[in-house]
Amino acid sequence: MSKNSGPTSAAATVVTGRWFTVFASFLIMSAAGATYMFASYSKEIKSTLGYDQQTLNTISFFKDLGANVGIHAGIIAEFVPTWVVLAVGAAMNLFGYLMIYLALAGSIPRPRLWHMCLYICIGANSQSFANTGALVTSVKNFPQSRGIVLGLLKGFVGLSGAMFTQIYYAIYGGRGNSRALVLLIGWLPAAVSLAFIGTIRVVKTTVSSPYSPARRRRREFKVFCRFLYASAALALYLMVVIVVQKKVAFTHLEYGASAAAVLVLLFLPLAVVAKEEISLYREKKKEKDAAPPPPPVSVSIVVEESSSSSSSSSTALSCTGVLSPPRRGEDYTIFQGLLSVDMLIIFVATICGLGGTLTATDNFGQIGESLGYPPGSVATFVSLISIWNYAGRVAAGFASEMLLSKYKLPRPLLVAAVLALSCAGYLLIAFGVPQSLYAASVVIGFCFGAQTPMFFAIISELFGLKYFSTLFNFGALASPIGSYVLNVQVVGRLYDREAVRQREANSAAATAAGGKELTCIGVECFKMSFVIIAAVTLFGAAAMMVLVWRTRDFYRGDIYAKFREEEKEEEEEERKEVAAEEEKENHKVEAGELRPSDQG
């Protein structure tokens, strides 16, 4: 029995450790980015159901609404276990996209517009539940590396579009019909969430260690760097495969081999997790075996601290003090956070920033069509946006964390710089520079990715982690508002107006077109729209500069000092608990209640 106990304990340590929770979160987030693939099947919706561009953009808005309205998911997560949050998300994903697939396949009566809006909103809303379950849990497990954690997790979301494309090609043998892609988007994310549903949870850190806190932080950073290298290898492989597939026609078998390589690279971080968790397990066992007899411990201190913690939790849940919030970095209540001027500035900047990038991403299919790009290029654009979305997220996560730690460079300043950069991509679209859409997809994908982890990190830094699941979902609510204004009211209206003008300019074409979809060809289709989006985004950058000024003193200080103090308290608490347990066992041995051979 003693021979088997070691390996069994080591295996259990891997699966139940907080590093495995990060790995499981990687997989869940890798399947949670289906909303970014709308451009790959939007043409199918438009042609099959006979929609014009404004109607299609209305569906796109409800997709963005569902993906970003997650306040209810955050509030639910405050009261139920994480596995319930993930299970609800899986069910919503399967139902929403399955209904869209049945509508496109003609298996159900032709749905009304509000039916389609409801279906895609429900399906996309599963992303909020995945974010709340996996992302928030990982940030709470690694609070002092939150920027890196957010960057990596959101990076895998960014890669999901390219990974879905490769898996889709492998199953259906290349560029088949888009209906099959919708079906894949329906069942695969739900299956992944259910497969890892029991492993996503907040893990209490075992902080007793022979190493100093600074050394533990360096070790933690090295593990995250290994995750970064593994994810970068995956992104690089996807980039190479996309280029090759654009030049060479793959067979079904070759598509299968490509998808298999993607899955191998996706699971590569598991080796990092196993190595780290087993190493921690052996170190802890070695330390425990070599530990000297503990001094007597008073239990009354632990009870007193527990009582104090309960009282503090009760105060945090109270609605009192809404208009007199704590200092930045302390735990705000939900209402204190929502009514904060800082949150209002973040909300406005998110409307302008993410609203613009969402609009560009959702319309790349029609943009490519209007500028004369071949149909096969749309999949390339989606994959490029996906990969550079990943690059932006991990670069922003790691770079912002290091610049903040070493140079006290505030994250809001980096967000303002990213928003200004994204304007270059919008202007490339607006003026239709020949063959510039590839460069525009790179710039917009990178900027889209870079914004998300920094916005979420800023919210966690300014308002604390206690109600982060609700507050970050409120911040995400700004995205669909920006998408509605810019995508539906600006891009959709101006596109349809230009398409009608082109149709009326040729009466013969108008007669032949009948009631079919409106199609616009030429630079003018999106020119004015993206000039407006660029101007709105610059306004968002200016709003972030206001936040830079308001938070200048906060970011000059040590924003992680609170967590280091809590870590010391937890370490002392754990030592007391271990000492009390060992003292209790020693008393039993002395009293003859437990034989020494029974210990261990």
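Calculation rules
Residues numbered from 1 in each chain as written. Predicted model: local features only at pLDDT ≥ 70, side-chain atom pairs only at ≥ 80, totals over all residues. Heavy atoms only, no water. Helix = DSSP H or I, 4+ residues; strand = E, 2+ residues; numbered from the N terminus. Buried < 20%, exposed > 50% of the residue type's maximum accessible area, 1.4 Å probe, protein only. Polar contact = N/O pair within 3.5 Å; in protein donor to acceptor, adjacent residues only side chain to side chain. Contact = heavy atoms within 4.5 Å. Expected span 1.5 Å × (residues − 1). Phe/Tyr/Trp six-rings, centres within 6.5 Å; stacked < 30°, edge-to-face > 60°. Lys NZ or Arg CZ within 6 Å of the ring centre and 35° of its normal. Patch = residues over 30% accessible without salt bridge, like charges linked within 9 Å, V, L, I, M, F, W, Y side chains within 5 Å. Areas by Shrake-Rupley, 256 points an atom, 1.4 Å probe, with all protein chains shown as cover. Salt bridge = Lys/Arg side-chain N within 4 Å of Asp/Glu carboxyl O. Lys, Arg positive; Asp, Glu negative; His and termini not counted. Charge placed at Lys NZ, Arg CZ, Asp CG, Glu CD. Bend = angle between axes of the 7 residues up to and from the residue. Disulfide = S-S within 2.5 Å.

A. Structural detail: the side chain of Asn131. The topology assignment puts Asn131 in helix H7 (residues 113-141). Here Asn131 falls in the buried class, since its relative accessible area comes to 5%. A polar atom in the side chain of Asn131 sits 3.4 Å from the side chain of Lys154. Filtering out sequence-adjacent residues up to four positions away, Asn131 remains in contact with Met29, Val136, Lys154 and Phe472.

B. Local environment of the environment of Ser231. Within the element layout of this structure, Ser231 appears in helix H10 (residues 213-247). Distance from Ser231 to Ala391, taken between C-alpha atoms, is 9.7 Å for residues 160 residues apart in sequence. Every residue in contact with Ser231, bar those within four places of it in the chain, is listed here: Leu152, Phe156, Leu159 and Tyr390. At 2.7 Å, the side chain of Ser231 and the side chain of Tyr390 are in polar contact.

C. Structural context of helix H2 (residues 18-30). Over its 13 residues, H2 runs 18 Å from end to end, which matches the ideal 18 Å to within 8%, given 1.5 Å per residue. The element H2 is largely enclosed, with a buried count of 13 among its 13 residues.

D. Examining the packing of aromatic side chains more closely. Within the structure shown, the criterion is met by 28 aromatic pairs. Taking NZ or CZ as reference, Arg18 lies 5.8 Å from the ring centre of Trp19, over its face.

E. Main features of a positive patch on the surface. A surface patch of like charges, here positive, comprises Arg215, Arg218, Lys222, Arg226 and Lys275. Looking at the secondary structure, you find Arg218 in helix H10.

F. Up close: helix H8 (residues 146-172). If you check H8, its first and last C-alpha atoms are 39 Å apart, about what 27 residues at 1.5 Å a residue would give, namely 39 Å. At Ser160, H8 shows its maximal kink, close to 40 degrees. Counting buried positions along H8 yields 25 of 27 residues, so the element is predominantly enclosed. Looking one or two residues past H8, Gly173 carries a phi angle of roughly 70 degrees, positive in sign.

G. Geometry of the environment of Tyr438. Here Tyr438 lies in helix H19 (residues 437-463). Setting aside residues no more than four positions away along its own chain, Tyr438 makes contact with Lys246, Tyr373, Ser377, Thr380, Phe381 and Leu384.

H. The arrangement of the state of the cysteines in detail. Under the counting rule described, the total for this entry stands at one disulfide. Across the disulfide, Cys520 is cross-linked to Cys525 (sulfur-sulfur distance 2.0 Å). Classification of the bridge connecting Cys520 and Cys525 rests on its S-S torsion, roughly -90 degrees, and on that basis the disulfide is left-handed. A relative accessible area of 0% means that Cys520 is categorised as buried. With a relative accessible area of 1%, Cys525 lands in the buried category. No disulfide involves Cys121; its nearest neighbouring cysteine sulfur is the one of Cys117, lying 8.6 Å away.

I. Just the pattern of salt bridges, in detail. Within this structure, the stated rule accounts for 13 salt bridges. With a closest N to O distance of 2.6 Å, Lys63 and Asp362 form a salt bridge. Of the two residues, Lys63 sits in helix H4 (residues 53-68) while Asp362 sits in helix H15 (residues 341-362), which places them 299 residues apart along the sequence. Comparing Lys63 with Asp362, the two get one shared label, buried.

J. Quick peek at a nonpolar patch on the surface. On the surface, a cluster of nonpolar side chains totalling about 480 Å² of accessible area is made up of Leu427, Phe431, Val433, Met528, Val531 and Ile532. It is helix H23 (residues 527-550) that provides the largest number of residues to the nonpolar patch, a total of three residues.

K. A look at unusual backbone geometry. Notably, Lys408 is not glycine yet its phi reads approximately 60 degrees, a positive angle. When its relative accessible area of 35% is taken as the criterion, Lys408 is described as partly exposed. Phi angles above zero are rare outside glycine, and Gln435 is one such case at about 60 degrees. Of note, Gln435 is situated in the loop between helix H18 (411-430) and H19. Look at Gln435 and you get exposed, because its relative accessible area is 57%.

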